[in-house]
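Chain by chain, the residues:
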Amino acid sequence: MKTFITTSESKPQELSLGDLSSAIFEAAVDAMIVIDNTGIIHALNPAAEEIFGFARTELIGSNVSILMPDPDSSKHDDYLRAYTKTGEKKIIGKGREVVGKRKEGSLFPMHLSIGELSVGEQQLYVGICHDITARKQMIEQITYMATHDSLTGCVNRNNLHEKLQDLMLSCENGEWQLVMLFIDLDGFKQINDHYDHDVGDRLLSNLAQRLQENLTKSDLLARMGGDEFLVASIQPRERNAPRRLGQRLLDSLSKPFDIKGIEIRVRASIGISLHPGHSQNSDQLVNDADIAMYQAKAEGGNCIRFFRLDLRDKMESTFRTVGRLRKAIELNQFELHYQLQFELAPPYRPSGLEALIRWHDGSYGTISPANFICLLYTSPSPRDRQKS
């Protein structure tokens, strides 16, 4: 098998690499194209025909720029002339990612490396390339899976904070504010318990889509986990802009969802924090919106509450109380008292017993059950809350 390189002479000159090299050239799965110092194609292998969609006879004698999109195609010959004049290597001997152009005009990513050789007195260049479309698609898919929630397609918490930092920086000029909305469904656990998790998953997916429909392309929608969503939106620094956005999202959820033929109505509690404001970083901004959302839930849900510093103090106080509660169990600081109950009518006989728990806290003395019983059923802090 012979591979010929056409030259300026009337007869083609045989490439003096031997039959083995010619066989490798023809059988290689990577595309190989040989050009001269003016960019004219002298040889190509079958892989190049397949990748670019040209027949060999269509490319021999053509400029290699036909395989490139602009602006590379218009600059290629200038680079060859500059290299011929200066000998300065910028891309020769280095692998790099470029864009190729097929015969029908479609573009595709490819990896290209270029070497040079001399045949007689003629300087030639060999480009070796392969289509990396599948590899790039796989990388994009893996990246998407790592940064997005698989159920809803929302940004996940792994990718959230990097994006929030950029949004916070864009609001430092005084004209704009970053509005953080923490959205938590009211009673979602009951929906899961009453129906099944497939219905719950479909509901979350449809809900995310509805929220997205009421946001702009520049707004960020993230799923924090479970039935918690976060919206980050850059808004004009107007007093009512955050509430308008929150109310629009709350109103969007008022229309029932049709899940597998089941009509489901949902309500949500929304907490809002602002930047610039009390938060120093993205973590605290999210946490403050979560605290405000928790206050909305405490007031009955289906409403919007803004973060205030006293809410953070209240949450931290509650968090400390729960910490002492855990230690109280270990230290056996609880006592159970029984109070006899009597009938209200004569002869006022005993009718039962009422069990009363008392907490003897070493630091704060005896604490009324009214101040801690509710904490045994509700988690006090966004960081400490686990949801099914």
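The structure under discussion appears in the preceding block.
An account of the accompanying structure is given in this report. All values reported here derive from a predicted model rather than from experimental measurement.

Rules used in this analysis
- Residues numbered from 1 in each chain as written.
- Predicted model: local features only at pLDDT ≥ 70, side-chain atom pairs only at ≥ 80, totals over all residues.
- Heavy atoms only, no water.
- Axes fitted to C-alpha atoms, helices over the stretch in contact; angles between N-to-C directions.
- Helix = DSSP H or I, 4+ residues; strand = E, 2+ residues; numbered from the N terminus.
- Parallel < 35°, antiparallel > 145°, perpendicular 65-115°, else oblique.
- Contact = heavy atoms within 4.5 Å.
- Nonpolar A, V, L, I, M, F, W, Y, C, P; charged D, E, K, R; others polar.
- Phe/Tyr/Trp six-rings, centres within 6.5 Å; stacked < 30°, edge-to-face > 60°.
- Buried < 20%, exposed > 50% of the residue type's maximum accessible area, 1.4 Å probe, protein only.
- Lys NZ or Arg CZ within 6 Å of the ring centre and 35° of its normal.
- Pairing = 2+ DSSP bridges.

### Side note on the packing of helix 6 (residues 157–169) against helix 10 (residues 282–298)
Okay, so step 1: For the pair helix 6 and helix 10, the least separation of the axes is 9 Å and the interaxial angle reads 100°. Between helix 6 and helix 10, the angle is such that the two are roughly perpendicular. Mapping the contact onto sequence places Leu160, His161, Leu164, Gln165 and Met168 in helix 6 and Ser282, Asp283, Leu285 and Val286 in helix 10.
Okay, so step 2: Class assignment of the residues belonging to the contact of helix 6 with helix 10 gives a composition of 5 nonpolar, 3 polar and 1 charged.

### Things to note about the packing of aromatic side chains
Okay, so step 1: Within this structure, the stated rule accounts for 3 aromatic pairs.
Okay, so step 2: Taken together, a centroid distance of 5.9 Å and an interplanar angle of 35° make the contact between Phe334 and Trp359 tilted. Within this pair, whereas Phe334 is found in strand 16 (residues 334–342), its partner Trp359 is found in strand 17 (residues 350–361), the two being separated by 25 residues in sequence.
Okay, so step 3: Take Trp359: its relative accessible area is 1%, and that puts it in the buried class.
Okay, so step 4: Stacked on the ring of Phe257, the Lys or Arg Arg210 has its end atom at 3.7 Å from the ring centre.

### Things to note about the sheet that holds strand 4 (residues 41–44)
Okay, so step 1: One open sheet accounts for 5 strands, arranged 4-3-7-6-5; its pairing is antiparallel. Looking at the sheet topology across the chains shown, the edges are occupied by strand 4 and strand 5 (96–101). Direction aside, the axes of adjacent strands within the sheet are offset by 35° on average.
Okay, so step 2: Of the pairings in the sheet, the one linking strand 3 (residues 31–36) to strand 7 (residues 122–131) comprises 6 bridges and is antiparallel in character. Following the sheet pairing, Met32 is matched in strand 7 by Ile128.

### Focus on the side chain of Asp288
Okay, so step 1: Along the chain, the position of Asp288 falls in helix 10.
Okay, so step 2: Judged by its relative accessible area of 0%, Asp288 is buried.
Okay, so step 3: Once residues lying within four places of it in the same chain are set aside, the contact partners of Asp288 are Ser273, His278, Ser279, Phe307 and Arg312.

In short, shape yes, function no, at least from these values alone.
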